[in-house]
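Okay, here's what each chain looks like letter by letter:
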Amino acid sequence: MNSPSLTTARWHLNNHSSMPWSADVSAAVLAVINDKLGFPAPGVKPEELVPIAPLPAWRPQPLVALCLGHGRAGDEGNVGAAGVSEEEYNLPVIEAVAELLKARGIAVIVIRFYQGNGYQTAMQWLAKRLLDLGVTAALEFHFNAFDREAHGHEVLHWSHSVRGVTLAQAMLDALDFAFPTHLSRGLKPKAATDRGALFLSLTHCPAAILEPFFGDNLEEWNRFDDPDEVRTLEQAYADGIASWIESQSIKP
């Protein structure tokens, strides 16, 4: 199949058109199509890139989804050095970012809770929810944890998404600008085999996962638990989203 035909097939699959097979088969077909039309991570030679055809516009105005990582029953995610979970830390951050974006005239929806009994079913539910809402971009809020010594900020994106890369880069640029003395770990492209990649791969729109610091590192936790630094983080998130929308020529 040529690229236009693949793009048409993907559009129908993403729109849940009637198909003579199960959802699992549709997901597998989508994975193949995305692979064929995909856009590798930055650094690949231009002649090796396969341009991705644009999907139909979902809405005339941007709608940004701010999603609470680990927002499902029984899943609090990582726990910071002070015993605060990702869910507990990020919920007020998301709500503050939503207000900052609304003040700029950008429509926002906050997804605080994911339905589903496990990670895969929750991500499938979320992907359909975002599709039904016609979301322009989706961000999931987290913080990292590793060995109590790792530090820095990074942004994750789906390795085959053209606009997902641009969204992630805008968020990274905003974090780099807001926290110039904090280690920038860069963009982290994710593939289908990577843990936690379904948020990035199942969404119909550009998506990014935000990892602003390592919560199990006491020094990092103390820094990002400071109210002034939290406000700086919230502003950086809002600035990154607004910058991306402007770069895409999407009018709020």
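If you're wondering where the values come from, they're calculated on a predicted model, not measured in any experiment. (Residues numbered from 1 in each chain as written. Predicted model: local features only at pLDDT ≥ 70, side-chain atom pairs only at ≥ 80, totals over all residues. Heavy atoms only, no water.)

Peer 1: Would you explain the overall build of the chain in this entry?
Peer 2: A count of helical and extended segments in the chain gives eight helices and six strands. Taken from N to C terminus, the helices and strands of the chain fall in the order α-α-β-α-β-α-β-β-α-β-α-β-α-α. Residues classed as buried in the chain amount to 46% of the 252 residues present. Across the chain, contacts joining residues at least 24 apart in sequence account for 78% of those joining residues at least 6 apart. Taken as a whole, the chain presents about 12,400 Å² of accessible surface, with 54% of it coming from carbon and sulfur. (Helix = DSSP H or I, 4+ residues; strand = E, 2+ residues; numbered from the N terminus. Buried < 20%, exposed > 50% of the residue type's maximum accessible area, 1.4 Å probe, protein only. Contact = heavy atoms within 4.5 Å. Areas by Shrake-Rupley, 256 points an atom, 1.4 Å probe, with all protein chains shown as cover.)

Peer 1: I would appreciate a short explanation of the packing of aromatic side chains in the present structure.
Peer 2: To describe a pair of aromatic rings, you give the distance between the ring centres and the angle between the ring planes. Tallied over the entire structure, the rule returns nine aromatic pairs. Aromatic pair Y89 and W221: ring centres 5.5 Å apart, planes at 55°, arrangement tilted. Of this pair, Y89 sits in helix 3 (residues 86–103) while W221 sits in helix 7 (residues 218–224); the two residues are 132 residues apart in sequence, bridging distant segments of the chain. Residue class for Y89 comes out buried when judged on its relative accessible area of 6%. (Phe/Tyr/Trp six-rings, centres within 6.5 Å; stacked < 30°, edge-to-face > 60°.)

Peer 1: Any chance you could explain the pattern of salt bridges here in plain terms?
Peer 2: When the charged atoms of two side chains lie near each other, side chains of opposite charge can form a pair. Tallied over the full model, the rule gives seven salt bridges. Here R104 ties to D239 by a salt bridge, and the two come within 2.3 Å at their closest N and O atoms. In this pair, R104 is assigned in the loop between helix 3 and strand 2 (107–111) and D239 in helix 8 (residues 227–247), connecting sequence segments 135 residues apart. As a salt-bridge pair, E154 and R185 come within 2.8 Å of each other at their nearest N and O atoms. Taken together, the residues E154 in strand 4 (residues 153–158) and R185 in strand 5 (residues 184–190) connect sequence positions 31 residues apart. With relative accessibility at 9%, the residue E154 sits in the buried group. Relative accessible area serves as the criterion here: at 32%, R185 is assigned to the partly exposed category. (Salt bridge = Lys/Arg side-chain N within 4 Å of Asp/Glu carboxyl O.)

Peer 1: What should I look at first to understand helix 8 in this one?
Peer 2: What sets the pattern is the α-helix's 3.6 residues per turn: residues three or four places apart point alike. The first and last C-alpha atoms of helix 8 sit 30 Å apart over 21 residues, in line with the 30 Å expected at 1.5 Å per residue. Within the sequence span of helix 8, burial applies to E229, V230, L233, E234, A236, Y237, A238, G240, I241, A242, W244 and I245. Among the structural elements, strand 1 (63–68), helix 3, strand 3 (137–141), helix 5 (162–178), strand 6 (207–211) and helix 7 are those in contact with the buried residues of helix 8. In this structure D226 caps helix 8, since a side-chain oxygen of it lies 3.0 Å from the backbone nitrogen of D228. (Expected span 1.5 Å × (residues − 1). Polar contact = N/O pair within 3.5 Å; in protein donor to acceptor, adjacent residues only side chain to side chain.)

Peer 1: Would you mind going over unusual backbone geometry with me for this structure?
Peer 2: Working note: non-glycine residues mostly have negative phi, and peptide bonds are mostly trans. For R148, which is not glycine, the phi torsion reads 70° and is therefore positive. Of note, R148 is situated in the loop between strand 3 and strand 4. Given the relative accessible area of 65%, R148 is considered exposed.

Peer 1: For this particular structure, what's the right way to read the nonpolar core?
Peer 2: Taken as a class, soluble globular proteins show a tendency for nonpolar side chains to be buried jointly. Counting 40 residues, the largest nonpolar core has L66, Y89, L139, V155, Y237 and I241 as its most contacted members. Mapped onto this core, the elements with two or more residues apiece are strand 1, helix 3, strand 2, strand 3, helix 5, strand 6, helix 7 and helix 8. Tallying contributions element by element places helix 8 first for this core, with nine residues. Not counting the four nearest positions on each side in its chain, Y237 is found in contact with V93, V97, F141, M171, L175, L210 and P212. By size, the runner-up hydrophobic cluster in this structure holds 20 residues, among which are I109, I111, L130 and V135. (Core = buried A, V, L, I, M, F, W, Y, C linked by side-chain atoms within 4.5 Å.)

Peer 1: Explain the environment of L156 here, please?
Peer 2: As for its position among the elements, L156 is in strand 4. L156 gets classed as buried once you look at its relative accessible area, which sits at 10%. Sequence-wise, L156 and A207 are 51 residues apart; in three dimensions their C-alpha atoms are separated by 8.7 Å.

Peer 1: Help me out: how do you make sense of the packing of helix 5 against helix 8 in this one?
Peer 2: The description of two helices packed together rests on the angle between their axes and the distance between the axes. Between helix 5 and helix 8, whose axes approach to 8 Å, the crossing angle comes to 145°. Helix-helix and strand crossings are classified by hand; for helix 5 and helix 8 the assignment is right-handed. Contact residues: R163, T166, L167, A170, M171, A174, L175 and A178 in helix 5; T232, L233, A236, Y237, G240, I241 and W244 in helix 8. Of the residues assigned to the contact of helix 5 with helix 8, the class counts are 11 nonpolar, three polar and one charged. (Axes fitted to C-alpha atoms, helices over the stretch in contact; angles between N-to-C directions. Left-handed = near helix turned anticlockwise from the far one by under 90°. Nonpolar A, V, L, I, M, F, W, Y, C, P; charged D, E, K, R; others polar.)

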